[in-house]
Amino acid sequence: SLPEELTINGRSQRFHTFDGKNFDMNNYTSNRTGKKRKEENDYTIAKGEGWGDLENKLKELEQAKAEDSDASQPKFGTWNGVFVSCLLNIFGVIMFLRLPWTVGQAGILLTLVIIFISNVVTTITTLSMSAICTNGAVKAGGAYYLISRSLGPRVGGPIGVMFSLGQAVAVALYVIGFCETVVLLSSDPVTGDDLNDIRVFGIMVVTVLLIMAYIGTGWVIKLQIGLLGLLVGSITSVLIGSVATPPNEDKGFVGPGGSTISDNAGPEFRDGYDFFQVFAVFFPAVTGIMAGANISGDLINPSENIPKGTLYAIMVSTVVYMAMAIAIGAV
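Reading the values: rules and limits
- Residues numbered from 1 in each chain as written.
- Predicted model: local features only at pLDDT ≥ 70, side-chain atom pairs only at ≥ 80, totals over all residues.
- Heavy atoms only, no water.
- Axes fitted to C-alpha atoms, helices over the stretch in contact; angles between N-to-C directions.
- Helix = DSSP H or I, 4+ residues; strand = E, 2+ residues; numbered from the N terminus.
- Parallel < 35°, antiparallel > 145°, perpendicular 65-115°, else oblique.
- Left-handed = near helix turned anticlockwise from the far one by under 90°.
- Contact = heavy atoms within 4.5 Å.
- Nonpolar A, V, L, I, M, F, W, Y, C, P; charged D, E, K, R; others polar.
- Phe/Tyr/Trp six-rings, centres within 6.5 Å; stacked < 30°, edge-to-face > 60°.
- Core = buried A, V, L, I, M, F, W, Y, C linked by side-chain atoms within 4.5 Å.
- Buried < 20%, exposed > 50% of the residue type's maximum accessible area, 1.4 Å probe, protein only.

Draft legend 1. Spotlight on the packing of helix α3 (residues 78–90) against helix α14 (residues 302–329). Two numbers describe how α3 lies on α14: the axes approach to 8 Å, and their chain directions differ by 40 degrees. In this view, α3 runs oblique relative to α14, as classed from their interaxial angle. In terms of crossing hand, the pair formed by α3 and α14 is right-handed. In this structure, α3 uses Thr-78, Trp-79, Val-82, Phe-83, Cys-86, Leu-87 and Ile-90 to contact α14, whose residues at the interface are Glu-304, Asn-305, Ile-306, Lys-308, Gly-309, Thr-310, Tyr-312, Ala-313, Val-316, Ser-317 and Tyr-321. Residues that form the contact of α3 with α14 fall into these classes: eleven nonpolar, five polar and two charged.

Draft legend 2. Broad picture of the packing of aromatic side chains. What the rule picks out here adds up to five aromatic pairs. Measuring from ring centre to ring centre gives 5.0 Å for Trp-101 and Tyr-273, while their planes differ by 80 degrees; the resulting arrangement is edge-to-face. One end of the pair, Trp-101, is in helix α5 (residues 99–133); the other, Tyr-273, is in the loop between α11 (258–263) and α12 (275–282), and 172 residues separate them in sequence. When the ring of Phe-279 is compared with that of Phe-283, the centres are 5.7 Å apart and the planes differ by 40 degrees; the resulting orientation is tilted. Put simply, the rings of Phe-91, Phe-282 and Tyr-321 touch in pairs and so form one group of aromatic residues.

Draft legend 3. Spatial organisation of the nonpolar core. Counting residues in hydrophobic clusters, the biggest one holds 44 residues, and the most contacted among them are Phe-91, Phe-282, Ile-306 and Tyr-321. Considering every element that reaches this core, the biggest residue donor is α5, with eight residues. The residues contacting Phe-91, other than those within four sequence positions of it, are Leu-231, Ile-235, Ser-317, Val-320 and Tyr-321.

Draft legend 4. Just the environment of Gly-177, in detail. Looking at where Gly-177 falls in the secondary structure, it is placed in helix α7 (residues 153–185). The buried category is assigned to Gly-177, whose relative accessible area is 6%. Among residues more than four places away in sequence, those in contact with Gly-177 are Val-93 and Leu-97.

Shown next, in the form of structure tokens:
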């Protein structure tokens, strides 16, 4: 219907009649105008225009808060954080105790193939992880945070639990390997039985690790450079010793030579082992690539540090493993 104009309390009002009801057009226009102005104000604030440039002020506050957090907690980068952590986890007990066994079973050539295939698998995994890391902000939580963000919390939760169990099994593997070496080097057994000695030393080592985890591993990360120096020294001693040590045929050490390399080039599987079983024994030696991602909360820029540091660690470890396999097979 056409609007009707009435005078109410000395003010002209316009009404529309719709289904027998009158609607105040002035009030309707005022509400619409107020809503429009509110939307314009919200848009202006969101764009950082007007209102004292609110967006820039919020950014300054967030930056100041981040600087205070960084000042209170030391951060690590690509090399001293991710690269060193990954190398320390990749170069583990299997490199010293099972790489010579792998060369003895599979020979030099197949051992190089095993090392290559193993690192191809870890490289593909690292590239997938890098795609997630570079697709947004990475916060504390390590692998669980990355998996839950990409697949959702319902999938990430169970995978995080399985990852924790896998880490526990890995700790047991490294502790047993360490205790086996200690028992081998010790002259007098503690309990009179080597197996029981491994159990006793293992309980002691796990207890120390539990105390370290309870206190916090931040100080362990700071000592990583020194630990890596010890590891590099031990690897260097293996490479130099394979050339400088005089032959000892009673212990199977005949010294470097072309004939030795040709004899050890091909496989000689024993005790029922085949290629895939030897591959399964060696593969855990390259599975320390998640160490850098696990300290994502302590990194300066996780989106950049994790991909670069992990890929560099894979390349260096591949070269070192191949060099050690050739050195072991040459003597």
